[in-house]
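# Remarks on the overall topology
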Amino acid sequence: MVSPIDNHPLQWGLTFAAGHAELGLRAAVPAGPLTVEELTLAMPEAYSDAETPVGRWQTRRGALERVRIVLTESSLAAWLRARQFESLGLLDLGVRI
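Residues numbered from 1 in each chain as written. Predicted model: local features only at pLDDT ≥ 70, side-chain atom pairs only at ≥ 80, totals over all residues. Heavy atoms only, no water.

## Topic: the overall build of the chain
Let me state the cut-off plainly: Numbering goes from the N terminus for both helices and strands, where a helix is a DSSP run of H or I of at least four residues and a strand is a run of E of at least two. Residue burial is assigned from relative accessible area. The probe radius is 1.4 Å, only protein chains are included, and a residue is buried under 20% of its type maximum, exposed over 50%, and partly exposed in between. In what follows, residue pairs with any heavy atoms lying within 4.5 Å of each other are defined as contacts.
Looking only at helices and strands, one finds 2 helices and 5 strands in the chain. Written out in order from the N terminus, the α and β elements of the chain read β-β-β-β-α-β-α. Counting across all 97 residues of the chain, residues that qualify as buried make up 20%. Long-range pairs, those at least 24 residues apart, make up 42% of the contacts in the chain between residues at least 6 apart in sequence.

Spelled out as structure tokens, the structure:
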């Protein structure tokens, strides 16, 4: 799967513990000025079963367990500089977080 923003490949990891599964990103994903550092979905009552059909996993619903999104001043400033704000009369755009 590829991130629609930066064509960055998404790397997922699946772990099983105590009768539930967690699906999470293995590596941070850049998304414009943001970075998704952590994204974990919990899937209750999921078991590590080699006989479970793949289709069952494709339609399984999960609950958002953890998410961490980072926005730094420098990444936001660089993202804004790449936009065409001069046409709006904004010549010296600054950012403070």
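The rest of the description comes next.
## Overview of the pattern of salt bridges
Rule in force here: Whenever a carboxyl oxygen of Asp or Glu lies within 4 Å of a side-chain nitrogen of Lys or Arg, that contact is scored as a salt bridge.
Across all of its chains, the model carries 5 salt bridges by this definition. Note that arginine 66 and glutamate 38 form a salt bridge whose closest N and O atoms lie 2.7 Å from each other. Taken together, the residues span a long stretch of sequence, with arginine 66 in strand E5 (residues 63–71) and glutamate 38 in strand E4 (residues 34–44) at a distance of 28 residues. A salt bridge links arginine 66 to glutamate 65; the nearest nitrogen and oxygen atoms lie 2.8 Å apart. Judged by relative accessible area, which is 34%, arginine 66 ranks as partly exposed. For glutamate 65, a relative accessible area of 34% translates into the label partly exposed.

## Some points on the side chain of threonine 40
For threonine 40, the location among the structural elements is in strand E4. The exposure class assigned to threonine 40 is buried, which follows from its relative accessible area of 7%. The residues touching threonine 40, leaving out its near neighbours within four places in the chain, are Glu22, Leu23, Gly24, Ala63, Leu64, Glu65 and Arg66.

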